[in-house]
Amino acid sequence: MDYEQKRSCKKDIAGTRYGGSSCGSAHCSWSSYAICQNIPTEKALYEVSDYIGCMSPANVDFIIKHNPQVNETKVEINPNSIEPLGRFINDDERRVLRQQLKIQKETTVFIYGGNLGKPQGISFLIDVLVSNKENDKVFFVIVGDGTEYSSIHNAISLHQIHNVILMKNLPKLEYDN
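Keep in mind the model is a prediction, meaning the values are calculated, not measured.

**Student:** Describe the overall build of the protein, with residues and values.
**Tutor:** Within the protein one finds eight helices and five strands. Reading the helices (α) and strands (β) of the protein from amino to carboxyl end gives α-α-α-β-α-β-α-β-α-β-α-β-α. Looking at the protein as a whole, 25% of its 177 residues qualify as buried. Put simply, of all contacts in the protein between residues at least 6 apart along the chain, 55% involve residues at least 24 apart. Carbon and sulfur atoms form 54% of the exposed surface of the protein, whose accessible area is close to 13,000 Å².

Next up, the structure:
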């Protein structure tokens, strides 16, 4: 791209050529900025990618529906998860762990470990915690950190929820066991 093209492009991006603003003009878009800066657009990246990993079947469907040029065989589900170890603890280990965490013997325990951010649906998790705060048959163990950690912590305090443990981290070996 020569100097005049770059200069013209910068004017387009700034909105001066079309009288718009740099943040919302119909002629000023991320695509035009990306082209001017030689930054690949999403569609261009799809074209050159060997595979496109998606978190869910709905993501796969979205990519294929909105990008008909993409070969369906290179779009696959690649969830952010692990394969369960298939490790079970014996009754003595379970009893000791429940004592350590102050969890009643007949309580069903729900465990979440991972990122605590908006994409994880933390508002739903908080609703579940609040609606079950008087339920002595359930207990929640939440291990993780993220942008919404304080929201969970504040909700637990505000609603005086006692059937939950919230921890920022846990050593991997302890978490896996």
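**Student:** Any details on the sheet that holds strand E4 (residues 138-143)? Residues and values, ideally.
**Tutor:** The three strands lie next to each other as E3-E4-E5, forming an open sheet whose pairing is parallel. Whereas interior strands pair on both sides, the edge strands pair on one side only; in this sheet they are strand E3 (108-113) and strand E5 (164-167). Looking at each pair of strands side by side, their axes are set apart by 10° on average, direction ignored. Note that E4 and E5 share four bridges and pair parallel. Among the inter-strand pairings, Val-141 is bridged to a residue of E5, identified as Ile-165.

**Student:** Mind laying out the environment of Asn-78, listing which residues take part and the relevant values?
**Tutor:** Looking at where Asn-78 falls in the secondary structure, it is placed in the loop between strand E2 (75-77) and helix H5 (91-101). Using a relative accessible area of 48% as the deciding quantity, one classes Asn-78 as partly exposed. The contact partners of Asn-78, leaving out residues within four places of it in the chain, are Gly-53, Cys-54 and Met-55.

**Student:** Can you tell me about the nonpolar core, naming the residues and giving the values?
**Tutor:** Counting residues in each nonpolar core, the largest one holds 15 residues, and the members touching the most others are Leu-116, Leu-129, Ile-142, Ile-152, Val-164 and Leu-166. In terms of nonpolar packing, the next biggest core, distinct from the first, is built from seven residues, Tyr-46, Ile-63, Val-70 and Val-75 among them.

Rules used in this analysis
Residues numbered from 1 in each chain as written. Predicted model: local features only at pLDDT ≥ 70, side-chain atom pairs only at ≥ 80, totals over all residues. Heavy atoms only, no water. Helix = DSSP H or I, 4+ residues; strand = E, 2+ residues; numbered from the N terminus. Buried < 20%, exposed > 50% of the residue type's maximum accessible area, 1.4 Å probe, protein only. Contact = heavy atoms within 4.5 Å. Areas by Shrake-Rupley, 256 points an atom, 1.4 Å probe, with all protein chains shown as cover. Pairing = 2+ DSSP bridges. Axes fitted to C-alpha atoms, helices over the stretch in contact; angles between N-to-C directions. Core = buried A, V, L, I, M, F, W, Y, C linked by side-chain atoms within 4.5 Å.

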